[in-house]
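Each chain, written out:
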Amino acid sequence: MKNIDSKGHVRGESIYLDDIPVITGTLYGVVFDSPKAHGKIKNIDYSKAQNLPGVERIITYKDVPSENQIGGIFPDEPLFAEDEVHFCGQPIALILAESESIARKARKLIEIEIEELPVIVDPREAREKDQLIFPPRTFNLGDTSATWNDCEYIFEGVADSNGQEHLYIETQGAYAVPMENGHIRLSSSTQGPTAVQKTAAKVLGIPMHKIEVDVVRLGGGFGGKEDQATPWGVMAALGAQIAKNPVKVALHRMDDMRMTGKRHPYKSDYKIGLSKELKIIAYEATFHQNAGAAADLSPAIMERTLFHATNSYFVPNVNVTAYSCKTNLPPNTAFRGFGGPQGMYVIEAAIAHAANELNISPHKIQEKNLFKNGDEFSFGQVVDQAQAESSWSAVKDKFALEALEKEVKTFNQENKHFKKGLSLMPICFGISFTNTPMNHARALVHIYQDGSVGISTGAVEMGQGVNTKMVQVAADIFKINTDKIKLETTNTTRVANTSPTAASATADLNGKALENDCNPLLKRLKETASKHLDTVTSAINIREGIVYDNDEKTDLNWEKLIEMAFLERVCLTENGHYATPLIHFDKTIEKGHPFAYHVYGTAISIVTVDCIRGTYEFDAIKIVHDFGKSMNTAIDNGQVEGALVQGIGWMTMEELLYNDDGKLLSNALSTYKIPDIYSAPKSIEIEALTTEGHELAIKKSKAVGEPPLMYGIGAYFAIQNAVKAFNPNYKLKFDAPFTPEKVLMGLYER
Ligand code: MTE
Ligand code: LUZ
Ligand code: MOS
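Predicted model only: the values in this text are computed from it and were never measured.

A. Summary view of the site of ligand 2. In the vicinity of ligand 2, the contacting residues are Glu226, Arg304, Phe338, Ser432, Phe433, Thr434, Met438, Ala502, Ala503 and Glu706. Here Arg304 contributes a side-chain N or O atom positioned 2.9 Å from a nitrogen atom of ligand 2. Ala503 places a polar main-chain atom, nitrogen or oxygen, 3.4 Å from a nitrogen atom of ligand 2. Its free accessible area being 290 Å², ligand 2 has 97% of it covered by the protein chains. Classifying every residue of the shell around ligand 2 by side-chain character gives five nonpolar, two polar and three charged.

Next comes the structure, spelled out in structure tokens:
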């Protein structure tokens, strides 16, 4: 089935926040934000801005009727700064004006005096100064300290990875319309409609039922709108409440880049111990997460770093600790992979380091340590249905790895100024929110009298194709044509108390809730048909909209059946619920079974480095991916391609840069480069691993949104191998992204 949005997208008919018609008299909100990364606000003079014709009013923390607080996990983040600022870009006030351009002009007229305080941008410095967002956590398995003596080889080092700007095409924004009795209707570009609703209710001092959040779709989120769509939604709602007027807040690109958090940069230490047979028998790591100035989702992201610290490898003795370090950057947030990539990168660095010292291929170490059924993760979950070895051997066979390696070797012998590098990257990613209580969802189905069907779920469409998958789930149960089914907007009055669309689990959670609607509806319809046809319910079947009795066509079709059911007063609506079974986690001992299942896969990356310029091109990425039984190969392959290229961008070219004063230097598309069609791999081949799929995945089709991003980590090591091939004096460094500048330095270092 094609993505139901394809036609609308190519015709420009799909509706995003900016396509919602605004009501006459709407006020536009522009955020005035801190020009300094840390300091005490001594004085703010709003008078010139206030007096600019067209400016309606300026809202500050003083206008907040209830709590000036938007922290989701910890209450440590004000909506508007009060007397201190903690990062450049921190919102201080919302200017409401007749037009956006007037509001922007007014912003320039605000005068602010800040007494500057010391700025920390480095997470290690923050840890030294005891600036932690919350206490560190440690996952432990076996006994590393007792194992070092048994190790034949031990290697230690550091591995850093930088942050990443989400660069969703649609920037953050919301539109609030006041309705009767203090009710506010809020359109928001958010992955978490309930988070926006709940926080707005808290700040405005009204119950949640007075705020209705509606989401049509997002022009991308990538995690950047899981938590950080909230402030703009709350500001629009607050503006509407105070000004008694519709209010729209939509960030300009540079405002968005400056004010919002990104993927967390990490600085990490590793120590890896191997046996003579190259088994990793001990692994220790310390992760310094650069959280920024407030918690946001950092606790959950840090936790996922620990969950994925050994990637696809079984290590019997593990001790990994993570620190969430408070710095004066915008609070960093969810980004595809959610801390997992940052953890996986470090063990891959440790393996590359070991292989380099031992003068062997890293593949040897990787291959020897892949998870098998019955192995234990450091957090106590026992590995079952492991596809680490099967995807590894499938990638070797299907893509003739040995021949590829030979080609690279020959090329490197024959070419002086161009060198190729090859790497293998296995992935293993846990599916479920690591916070068990978040793993449930609801869906609402109406069958209308004419036989058409309307579906609401808690899932937010952001390009990942979840709406199409929801249509497929319902169509497969009812056995009717997909054009009879409409996916409604995501709306908190139809589906309440939703978890955000995140953790790649949206189709699983909402799809299974939807199955719990469709199955009982179908049962009632079959009962109606069996009564009418005077047969047993089990003899009734519906196929392609026709009712069959013992495989014989009847005169009943879907429409007639629905009409009949309605006249017989059968309920044609269901409200289904689903909660992932089995999962649990005990933080007091850091053990449990947090994931419904894992997604596996392996990628080969081949790069050609221009050794005069330091530039590079990816010739090919060849992937064997564990889709389970994919319910939509077009959508799922698209997710693999998109995630892969986004991962390569993070590892190679996206260079997020703050200066020592905490100011974002890579603050526009001229200074922050993401992969375009020219820098994407010349070829991407994706093969599906043949498996039975997993019972806890929707229709046995495994979650696909985030895991393939981590194939991109292989890009770093492929480039590194090419640099090594050119310059034998190159000393391995793990400092992603591997930008052309760094490549050039590596090529010519002595
Ligand atoms: N694909 C597109 N096109 N746009 C996005 O914003 N977000 C990713 C992924 N794929 C994203 C995307 C992220 S971060 C997640 S968690 C999943 O989609 C969420 O959707 P799912 O749970 O339906 O996979
Ligand atoms: N969000 C979240 C996530 O709140 N918990 C998670 O475990 C998670 N994992 C991936 C992406 N977003
Ligand atoms: Mo994705 S980082 O879970 O929004």
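B. Region of interest: the site of ligand 1. Close contacts around ligand 1 come from 18 residues, with Gly221, Phe222, Met462, Thr506 and Gln639 the closest. Within the backbone of Phe222, one N or O atom sits 2.9 Å away from an oxygen atom of ligand 1. Between ligand 1 and Gln464, the relevant distance is 3.0 Å, taken from an oxygen atom to a side-chain nitrogen or oxygen of the residue. For ligand 1, the accessible surface in isolation is 520 Å², of which the surrounding protein chains cover 92%.

C. Region of the structure containing the domain arrangement of the chain. Taken domain by domain, the chain comprises domain 1 (6-117 + 172-250), domain 2 (266-434 + 587-747) and domain 3 (440-579). Using C-alpha coordinates to define each centre, domain 1 is positioned 37 Å away from domain 3. Counting the surface domain 1 buries against domain 3, the share from its top three residues, Gln191, Pro193 and Thr194, is 33%. Here domain 1 is connected to domain 3 by one salt bridge. Asp214 is the partner of Arg494 in a salt bridge, and the nearest nitrogen-oxygen pair spans 3.9 Å. Applying the counting criterion to the domain 1 and domain 3 interface returns eight residue pairs in polar contact (both at pLDDT 80 or more). Secondary structure elements with two or more residues in the side of domain 1 that touches domain 3: α6 (193-204) and β11 (211-215). It is β11 that contributes the most residues to the side of domain 1 that touches domain 3, five residues altogether. For the side of domain 1 that touches domain 3, the residue count by class is eight nonpolar, seven polar and five charged.

D. Broad picture of the environment of Leu696. Position of Leu696 relative to the elements: it lies in the loop between β29 (684-688) and α18 (713-726). Between the C-alpha atom of Leu696 and that of Glu544, which follows or precedes it by 152 residues, the distance is 27 Å. In contact with Leu696, other than residues within four places in its own chain, are Asp508, Lys512, Tyr578, Pro581, Leu582, Ala596 and Tyr597.

E. The arrangement of the packing of helix α17 (residues 633-652) against α18 in detail. Running from N to C, α17 and α18 point in directions that differ by 50 degrees, and their axes come no closer than 7 Å. In terms of axis orientation, α17 runs oblique to α18. Considering how the two elements wind past one another, α17 and α18 form a crossing that is right-handed. When α17 is examined against α18, the residues Ile648, Trp650, Met651 and Thr652 are found in contact with a partner set consisting of Ile713, Ala715, Tyr716 and Ile719. Class assignment of the residues belonging to the contact of α17 with α18 gives a composition of seven nonpolar, one polar and no charged.

F. Spatial organisation of the nonpolar core. Counting residues in hydrophobic clusters, the biggest one holds 157 residues, and the most contacted among them are Tyr283, Tyr345, Phe478 and Phe734. Inspection of this core shows a minimum of three residues originating in each of domain 2 (266-434 + 587-747) and domain 3 (440-579). Once residues within four sequence positions are removed from consideration, Phe478 is found in contact with Val445, Ile447, Val453, Cys518, Leu521, Leu522, Ile542 and Trp558. Of all hydrophobic cores here, the second largest spans 37 residues; its members include Ile59, Val203, Val213 and Val247.

G. Spatial organisation of the sheet that holds strand β30 (residues 735-736). A sheet is described by the order of its strands in space; here six strands give the open sequence β7-β15-β14-β13-β8-β30, paired in mixed fashion. Looking at strand neighbours, the two that pair on one side only are β7 (132-141) and β30, the edges of this open sheet. Sheet contacts for helix α10 (residues 340-358): β8 (153-161), β13 (266-274), β14 (280-292) and β30; angle to β8, the most-contacted strand, approximately 135 degrees.

H. How the structure looks around the environment of Lys202. Structurally, the position occupied by Lys202 is in helix α6. Beyond its immediate sequence surroundings of up to four residues, Lys202 is in contact with Ser66, Glu67, Gln69 and Gly71.

I. Region of interest: the packing of aromatic side chains. Counted under the stated rule, the structure contains 20 aromatic pairs. Pairing Phe379 with Phe595 gives two aromatic rings, centres 5.9 Å apart and planes at 80 degrees, and the pair type is edge-to-face. With a gap of 216 residues between them, Phe379 in the loop between α11 (362-368) and α12 (388-398) and Phe595 in the loop between β26 (591-593) and β27 (597-610) connect regions that are remote in the sequence. Residue Phe379 shares its accessibility class with Phe595, and that shared class is buried. For the ring pair Phe717 and Phe734, a centre distance of 6.2 Å and an interplane angle of 40 degrees mean the geometry is tilted. Residue Phe717 is found in helix α18, and its partner Phe734 is found in the loop between α18 and β30; the two are separated by 17 residues along the sequence. Under the relative-accessibility criterion, Phe717 is labelled buried at 8%. On the basis of relative accessible area, Phe734 is assigned to the buried category, the value being 6%. Taken together through their ring pairs, the aromatic side chains of Phe139, Phe307, Phe371, Phe377, Phe379, Phe585 and Phe595 make up a single cluster. Above the face of the Tyr16 ring, Arg217 is positioned so that its terminal group lies 5.7 Å from the ring centre.

J. Structural detail: the sheet that holds strand β23 (residues 552-557). Pairing is antiparallel in the open sheet, where three strands are placed in the order β21-β22-β23. With partners counted over all chains shown, the strands left at the sheet margins are β21 (540-543) and β23, one partner each. Direction aside, neighbouring strands of the sheet carry axes that sit 35 degrees apart on average. Inspection of the sheet shows strand β22 (residues 546-549) paired to β23 by three bridges, in the antiparallel sense. By the bridge assignment for β23, Tyr548 is matched with Lys553. Sitting on the sheet, helix α16 (residues 558-567) is in contact with β21, β22 and β23, with an inclination near 55 degrees to β23.

Scoring rules and cut-offs
- What you see as residue numbers is a count from 1 along each chain, following the sequence as written.
- Naming scheme: in the order in which they are written, chains are lettered from A and ligands are numbered from 1.
- Reporting of local features is limited, given that this is a predicted model, to residues whose pLDDT is at least 70; pairs of side-chain atoms are given and counted only at 80 or more, and all residues count toward the totals for whole chains, interfaces and linings.
- Note: side-chain values were computed over all heavy atoms of the structure, leaving out hydrogens and water.
- When we say a residue is near a molecule or strand, we mean one of its heavy atoms is within 4 Å of it.
- Polar contacts, as used here, are pairs of N or O atoms within 3.5 Å; protein pairs need one atom able to donate a hydrogen and one able to accept it. Residues neighboring in sequence count only if both atoms are side-chain atoms.
- Per-residue accessibility takes into account occlusion by the displayed protein chains alone, with areas from the Shrake-Rupley method and a 1.4 Å probe.
- Any residue that is not Ala, Val, Leu, Ile, Met, Phe, Trp, Tyr, Cys, Pro, Asp, Glu, Lys or Arg is counted as polar, Gly included; the first ten are nonpolar and the last four charged.
- Note that domain bounds follow an automatic or database assignment of domains.
- By convention, the term buried area covers the 1.4 Å-probe accessible surface removed from two parts as they join, with the contributions of both added.
- By definition, a salt bridge exists where a carboxyl oxygen of Asp or Glu is found within 4 Å of a side-chain nitrogen of Lys or Arg.
- Secondary structure elements follow DSSP: runs of H or I of four or more residues count as helices, runs of E of two or more count as strands, with numbering from the N terminus.
- For this analysis, residues touch if any pair of their heavy atoms sits within 4.5 Å.
- For helices, the fitted line uses only the C-alpha atoms of the stretch in contact; every axis is such a line through C-alpha atoms, and the angle between N-to-C directions lies from 0 to 180 degrees.
- In this scheme, roughly parallel covers angles under 35 degrees and roughly antiparallel covers those over 145, while 65 to 115 is roughly perpendicular and the rest are oblique.
- What makes a crossing left-handed is the near helix being turned counterclockwise from the far one by less than a right angle; a clockwise turn instead makes it right-handed.
- Joining through side-chain atoms within 4.5 Å is the link that ties buried Ala, Val, Leu, Ile, Met, Phe, Trp, Tyr and Cys residues into a set, and such a set is a nonpolar core.
- Residue exposure (1.4 Å probe, protein chains only): buried if accessible area is under 20% of the type maximum, exposed if over 50%, otherwise partly exposed.
- Only strands that DSSP links by at least two bridges are regarded as paired with each other.
- Only centres within 6.5 Å qualify two rings of Phe, Tyr or Trp (six-membered ring in Trp) as a pair; their planes then separate them into stacked at under 30 degrees, edge-to-face at over 60, and tilted for everything else.
- Two limits define a charge over a ring: the Lys NZ or Arg CZ must be within 6 Å of the ring centre, and within 35 degrees of the ring normal.

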